[in-house]
Structure formats: structure tokens, C-alpha cells
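For reference, the chains in residue letters:
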Amino acid sequence: MVGSRMRRAGRGLAGAAMTCLLAGTVACSAGTARSEESPSEGTPLRQLDGAAAPSSAAPSSAAPSLTSPSLTTPSPATATPPAVDESAVLAELRAVVQPAGVSLDAVVIDEDATALLSTPDADQPVPSASLVKLLVVQQLLARSAAGVLSLGPTDLERMERAITASDDRAMSLLWDAHDGAALVRSAAAGFDLTGTAPPEQRGQWGEAEMSAADTGHFLAALTAGAPGGETLLGWMRDASPNAADGFDQRFGLLADGTAGALAAKQGWMCCVAGQRHLHSVGVLGDGRTVVLLGEAPSSASFAQLRRALDEAAAVLVAGTA
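Thresholds, definitions, all that
Numbers given for residues are sequential positions, taken from 1 along each chain in its written order. Given that this is a predicted model, residues contribute local features only at a pLDDT of at least 70 and side-chain atom pairs are listed and counted only at 80 or more, while totals for whole chains, interfaces and linings are drawn from all residues. The basis for the side-chain values is all heavy atoms of the structure; hydrogens and waters are excluded. Strand pairing follows a simple DSSP-based rule, namely that at least 2 bridges must link the two strands. Each helix is a run of H or I in the DSSP string that is no shorter than four residues. Each strand is a run of E no shorter than two, and both are numbered from the N terminus. Whenever a helix is involved, its axis is fitted only over the stretch in contact; in every case the axis is a line through C-alpha atoms, and angles between N-to-C directions fall within 0 to 180 degrees. By the convention used here, residues are in contact when the closest approach between their heavy atoms is within 4.5 Å. Values of pLDDT, ranging from 0 to 100, describe the predictor's confidence in every residue of the model. An angle below 35 degrees is read as roughly parallel, one above 145 as roughly antiparallel, one from 65 to 115 as roughly perpendicular, and any other as oblique. By convention, the crossing between two helices is left-handed when the near helix turns anticlockwise from the far helix through less than a right angle, and right-handed when the turn is clockwise. Throughout this entry, Asp, Glu, Lys and Arg are counted as charged residues, while Ala, Val, Leu, Ile, Met, Phe, Trp, Tyr, Cys and Pro are counted as nonpolar. The remaining residues, Gly among them, count as polar. Residue count minus one, scaled by 1.5 Å, sets the expected span of a helix. Exposure is judged per residue with a 1.4 Å probe applied to protein chains only, and the accessible area is read against the type maximum: over 50% gives exposed, under 20% gives buried, and values in between give partly exposed. Pairing of aromatic side chains here covers Phe, Tyr and the six-membered ring of Trp, requires ring centres within 6.5 Å, and sorts the geometry by plane angle: under 30 degrees stacked, over 60 edge-to-face, intermediate tilted.

Q: Looking at this structure, how should I read the sheet that holds strand E7 (residues 263-272)?
A: Adjacent strands of a sheet pair through backbone hydrogen bonds, lying either parallel or antiparallel. With antiparallel pairing, the 5 strands of this open sheet are ordered in space as E4-E3-E9-E8-E7. For this open sheet the edge positions go to strand E4 (115-118) and E7, each flanked by a neighbour on one side alone. Strand-to-strand twist of the sheet, defined as the mean angle between neighbouring strand axes without regard to direction, takes the value 5°. Two elements, strand E3 (residues 103-109) and E4, share 3 bridges in a ladder whose sense is antiparallel. Of the residues in E4, the one forming a bridge with Val 107 is Ser 118.

So, in C-alpha cells, the structure goes:
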């Protein structure tokens, strides 16, 4: 991780919940709201080391993984990829995030599934916020394509809104109706996501954990033809400027406000174990997969995190081109 990370103690505390905060306001999803705390100084920096809708489907927990081994991340290409000065790019990232007190896990993978860059702690799990929606929706699409699950128009509408508008209510209904925890476990097993797990507290889907490395691996598999990938990437390309809760999604990879060929998913949450999270992940038009998972103490504002992710995204995209 570039920057600092506070140890997350008590992740499963009763009443823990996914909470979305706008500047000066609190919007809750899937749980109890947490209020903002007054800013504090002196955050240490770690140095760079080198209720459910009824469903006619059978319980999802009994469904197979549906991630064909040949359609997960492809084998690295034999050709030598373009040179990337990883140490220089990591130094630029550190210069961007450290002054803001932000911790950042990042991964960049090229169109041939060759890793171009990875921060030191990219394999460490962090709360996923809305990124877990990607796993749930992919698993539902895969089951539908295999004929083991019948998805109605309402299901499909909720799935699309969970991705394009990051609709938390739609996600909560899908999670409850189709056993979201089982879907996350199935995706983790099928895609070999070693840092991914459902939330410890039942129903608090935003606290499901993923790592930057897992997220990059999963997105690369979508581009390689994993079941449901084409539809899911299409919805990611249609990300709305504002989420269903009003949160401005134009940050990180979407900082310029236009998605276009970029397929992106954003995530935000406060506060798990006193930490605020802001994530931006996606597949660029040239096929590169870029993952940014940001974390800062809750005393920091989303505005601070947004600025840091905007600058970090620009560094990663330019530095790995």
C-alpha cells in the first residue's frame, strides 16, 4: 500500500454498516448511519517498501461456480510488454497520497493480462464498499446464462442499477433474494480470489472484503470472456454521473466526467473501524485494467479522498501507457 493504513480492529462490531456521506450530510445504506468526526492531525504514514423480493429461483448457494478455467485471466503474452518504470510511478503515487493522509492499493494490468504495476500491499483485503456488486451481478448473469437461474425483468433492472447508478437498495434486494454471501464465496472460489470474502456481519454487504490484486484479476477475466462479462462491462460503461443516493461518481478513473469506452465501477463508504473508503476501478479503452482502492481516517473528508484518487488515477494511466 502506498501511504498509511490503520489496523482495522472490531470490523464485525454490532451495528456496523455501510454508510455513504455527502459533504456535510449522511446517507445510509444497508445499515445504521455513522456520523462524521471532527478532523484530527498527525496521522502516521507508512513508508513505501519497494427486505428481499420473492424469487422463483432455486437458492443460489447450491449453484455451481460457473467460471470456466479457460475464461478467467488469460496466460501472459510471450511478447515483451512496453517498459513501465514501476519505481518512478510508485514514487509519484506516494507524492500524491501521503500529503493527504490517504492509503492506496493499486494494480495495473495490460490487455494481455500482464501485470504492469502493483503497490506493495495490493494483495491485502480491504472493505469493498460497492465493488462487491460486481461479483454478485456477474454470478447472477453466469447462472442465468447456464440455465440454472431464471432472472425476471425486475432482477435485471436491479442488477443494472446496482452497477450504473450504484443503487444500494437494488443491491440489498438482490443480496437478500439470491444469498449474496454465497455468491461472493462462489466468485472467490471460481476466480481464485484469495483476498475476497463476504462480510462477517450478516447483510452488511459493503463490508465484504476484496484486494486490489483480486479486483484486477476479476476485471481482467471479464475482458477475457468470463460468463456475464460482456453485459457487466456494458453496464459499467454506462455509469451515471450521480449515484442513486446523489453521490457524484465523477472521481478517480471517471474524474473527467465521461465514461465512453471506459468501463468503470466506483465505491465509497464510511465508516468501518474509523476508516473512510473511496474506490475507482475499471477497464480502459485500450484494454488496460486499472484498480485504485483508497482508504483514510474518518477525520479526512471525501473531498480530500477524491482529490487524491483523481491525481493517483492520472498518474497510473499516464505512467503505464
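Q: Sorry if this is basic, but what is going on with the environment of Leu 131 here?
A: With respect to the helices and strands, the residue Leu 131 is situated in the loop between strand E5 (126-127) and helix H2 (132-146). Taking the C-alpha atoms as reference points, Leu 131 and Leu 293, separated by 162 residues in sequence, lie 9.9 Å from one another. Contacts of Leu 131, omitting those with residues within four sequence positions, involve Met 210, Lys 265, Gln 266, Gly 267, His 279, Val 281 and Leu 293.

Q: Looking at this structure, I do not really get the confidence of the model for the chain. What am I missing?
A: Note: predicted coordinates in regions of low pLDDT should not be interpreted at a detailed level. Taken as a whole, the chain shows an average pLDDT of 82; of its residues, 74% reach a score of 70 or greater. Scored below 50 in pLDDT, residues 6-65 shows 141 contacts in the model against residues more than four places distant or in partner chains. Taken as a whole, residues 68-77 scores under 50 in pLDDT and shows 23 contacts with residues more than four places along the chain or in a different chain.

Q: Whenever I open this one, the packing of helix H3 (residues 153-164) against helix H7 (residues 229-237) confuses me. Can you help?
A: The description of two helices packed together rests on the angle between their axes and the distance between the axes. Packing of H3 against H7 brings their axes to within 8 Å, and their N-to-C directions diverge by 50°. One element, H3, and the other, H7, form an angle in the oblique class. Crossing hand, H3 versus H7: right-handed. Facing H3, whose interface residues are Leu 156, Met 159, Glu 160, Ile 163 and Thr 164, H7 presents Leu 232, Trp 235 and Met 236. Its residues assigned to classes, the contact of H3 with H7 shows 6 nonpolar, 1 polar and 1 charged.

Q: What's the story with H3 in this structure? I'm lost.
A: Residues spaced three or four apart along an α-helix point in a common direction, a consequence of the helix completing one turn every 3.6 residues. The terminal C-alpha atoms of H3, which comprises 12 residues, lie 16 Å apart, in line with the 16 Å expected from a rise of 1.5 Å per residue. Taken together, the buried positions of H3 are Asp 155, Arg 158, Met 159, Ala 162, Ile 163 and Thr 164. The secondary structure elements touched by the buried residues of H3 are H2, helix H4 (168-177), H7 and E7. Where H3 ends, the next residue or the one after it, Ser 166, has phi of about 45°, a positive value.

Q: Can you walk me through unusual backbone geometry in this structure?
A: A cis amide bond links Cys 270 to the next residue, Cys 271, at an omega of 5°. Note on placement: Cys 271 falls in strand E7. Backbone geometry at Asp 192 places phi at a positive 55°, although glycine is not the residue there. Mapped onto the elements, Asp 192 comes out in the loop between helix H5 (180-190) and strand E6 (209-210).

Q: Just to check I follow, could you spell out the packing of aromatic side chains for this structure?
A: Working definition: an aromatic ring pair is given by the centre-to-centre distance plus the angle between the planes. This structure, assessed with the given rule, holds 5 aromatic pairs. For the pair Phe 251 and Trp 268, a centre-to-centre distance of 6.4 Å together with 80° between the ring planes defines the contact as edge-to-face. One end of the pair, Phe 251, is in the loop between H7 and E7; the other, Trp 268, is in strand E7, with 17 residues separating them in the sequence. Of the two residues, Phe 251 and Trp 268, neither departs from the other in class, the shared state being buried. The structure contains a cluster of three or more aromatic residues connected by ring pairs, namely Phe 247, Phe 251, Trp 268 and Phe 302.

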